Amino acid sequence: MAERMTRAASRRKSNTANYMDYSLLFIVIFLLGFGLVMVYSTSSYEANLQFDGDSAWYFRKQLWASILGVAAMFFVANIPYHFWERFSVLAYLVSAGLILLIIPFGHSANGATRWLYIGPISIQPAEIAKLGMILFLSSMICSMGKKIRQRKGFYAVLAVPVPIALMLWLITSNMSSAIIVMGIAALMLFVSCPDYKRFIFLSLLAIAGAALVVFVIVKMAESGADNLDYRGARILAWLDPEAFASGKGFQTLQGLYAIGSGGILGKGLGASKQKLGFIPEAQNDMIFSIICEELGLFGAIAVILMFIMLIWRFMVIANNAPDLFGALLVVGVLGHIAIQVILNIAVVTNTIPNTGISLPFISYGGTSVLFLMIEIGLVLSVAKGIRLKDL
């Protein structure tokens, strides 16, 4: 009898296997490879002028960051994701500390102070803060349990990202990252709390607040006020970019020209005209406009579809995660990437004011790629915890 039970248990064990999401892995590697191609195509002209004929300067830096990111992804993927739960509070504190270090030690570029240098390596604390927020909120929500459904618990979770978001906004002038941090928290809270009335109320409040800000800035401009900061100028340029064609509206207009000139199939890879000095730092926030110009509407839709497939794989893994902590980790990564993609494309198409936000996996930026790949490693680690049965 005992022998039969042992054999049955052995068969059950052999009929189960760890889940590995190769579809997710393929999508990520494809986006990373495509990003390298577009970074080289977009930046080669500018790099050739800035770095004594070295047209591959940006590409080479992005390639090394991508290689390091892939290695970090596989490393994190092979560590049980619950291992990182014990570091959740430390991740939050380190995120806040690195942002504060920007004040005395920050490095400025393109009018913004958002980077720290550790020897020859530069890091952007905003990217670390996004990962730290995902880890901390996942642990916090799990520890709160049913208390999150109460009003006090609900708003306690929503208050956690506020200090980080305010520091990103006020210290680094990085409103887009502040929005993403708050968006990550809102999405994780949304899937954890069934009281949707609060989310409807907060959404309407946020929309009304944004509309009020735009209204006040427009009225101040009409009254001839000359004390508007650069954010106010960006909002005015968003409403009428042609009126600010030589200032804040220049980059937006050039991006729209690139999108419009690409047509259905584009001009061909490497054949962009707008990257020849017309779009400043085209390899960063505006790389999607060059994709549209060189690969056309077809290429743009293909990239969007790849991101949709990526988000779908996240949803599959989150729905089948072994526990709530794993599911929340995946939801946090989903929120980070989805919000950033939506904001980037919305900025490039002038749907929202220019916020200076990169396109995940594709835009130039070593810190961004590295920490995005670490987040993908977390998702793959959660996926490995899923057990499949051979039926």
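Preceding block: the structure.
About the criteria used
- Residues numbered from 1 in each chain as written.
- Predicted model: local features only at pLDDT ≥ 70, side-chain atom pairs only at ≥ 80, totals over all residues.
- Heavy atoms only, no water.
- Helix = DSSP H or I, 4+ residues; strand = E, 2+ residues; numbered from the N terminus.
- Buried < 20%, exposed > 50% of the residue type's maximum accessible area, 1.4 Å probe, protein only.
- Contact = heavy atoms within 4.5 Å.
- Phe/Tyr/Trp six-rings, centres within 6.5 Å; stacked < 30°, edge-to-face > 60°.
- Lys NZ or Arg CZ within 6 Å of the ring centre and 35° of its normal.
- Core = buried A, V, L, I, M, F, W, Y, C linked by side-chain atoms within 4.5 Å.
- Pairing = 2+ DSSP bridges.
- Axes fitted to C-alpha atoms, helices over the stretch in contact; angles between N-to-C directions.

Chemist: For the side chain of Ser-95, give the residues involved together with the corresponding values.
Modeler: Following the sequence through the fold, Ser-95 ends up in helix α4 (residues 88-105). With relative accessibility at 2%, the residue Ser-95 sits in the buried group. Among residues more than four places away in sequence, those in contact with Ser-95 are Ile-128, Ala-129, Gly-132 and Ile-164.

Chemist: How would you summarise the packing of aromatic side chains if you had to cite specific residues and measurements?
Modeler: Applying the stated criterion across every chain yields a total of 16 aromatic pairs. Taking 6.3 Å as the distance between ring centres and 10° as the angle between the ring planes, the aromatic pair formed by Phe-30 and Phe-34 counts as stacked. Taken as a pair, Phe-30 and Phe-34 lie in helix α2 (residues 22-50) at a separation of 4 residues, close to a single helical turn. Owing to a relative accessible area of 38%, Phe-30 belongs among the partly exposed residues under this scheme. Linked through ring pairs, Phe-154, Tyr-155, Phe-190, Tyr-196 and Phe-199 together constitute an aromatic cluster. Lying across the ring of Phe-154, Arg-198 places its NZ or CZ 5.0 Å from the centre. Across from the ring centre of Trp-312, 4.7 Å away, lies the NZ or CZ of Arg-313, which sits over that ring.

Chemist: Please provide a residue-by-residue account of the nonpolar core, values included.
Modeler: Membership of the largest hydrophobic core comes to 103 residues, with the highest contact counts inside it found for Ile-164, Phe-307, Leu-310, Phe-314, Ile-337, Phe-361 and Ile-362. With 14 residues, helix α13 (residues 324-348) is the largest single contributor of residues to this core.

Chemist: Any details on the pairing of strand β3 (residues 112-118)? Residues and values, ideally.
Modeler: The side chains of a regular strand alternate, residue by residue, between the two faces of the sheet. The pairing of strand β2 (residues 107-109) with β3 spans 3 bridges and is classified as antiparallel. Counterpart to Ser-108 in the pairing with β3 is Thr-113. As paired strands, β3 and strand β4 (residues 121-123) are joined by 3 bridges and run antiparallel to one another. The residue bridging Leu-116 from the neighbouring strand is Ile-123, located in β4. Connecting the antiparallel pair β3 and β4 is a turn made up of 2 residues, with Gly-119 showing a positive phi of about 65°.

Chemist: Describe unusual backbone geometry, with residues and values.
Modeler: Not every positive phi belongs to a glycine, and Glu-281 is a case in point at roughly 50°. Glu-281 gets classed as partly exposed once you look at its relative accessible area, which sits at 23%. Notably, Asn-350 is not glycine yet its phi reads approximately 60°, a positive angle. In this structure Asn-350 comes out as buried when scored by relative accessible area, which is 16%.

Chemist: Describe the sheet that holds β3, with residues and values.
Modeler: Strand order in this open sheet of 3 strands is β2-β3-β4, and the pairing throughout is antiparallel. The open sheet has two free edges, formed respectively by β2 and β4, since each of these has just one partner strand. Neighbour-to-neighbour, the strand axes of this sheet turn through a mean angle of 45°, independent of strand direction. The sheet contacts of α4 involve β2 and β3, and relative to β3 the element is tilted by about 95°.

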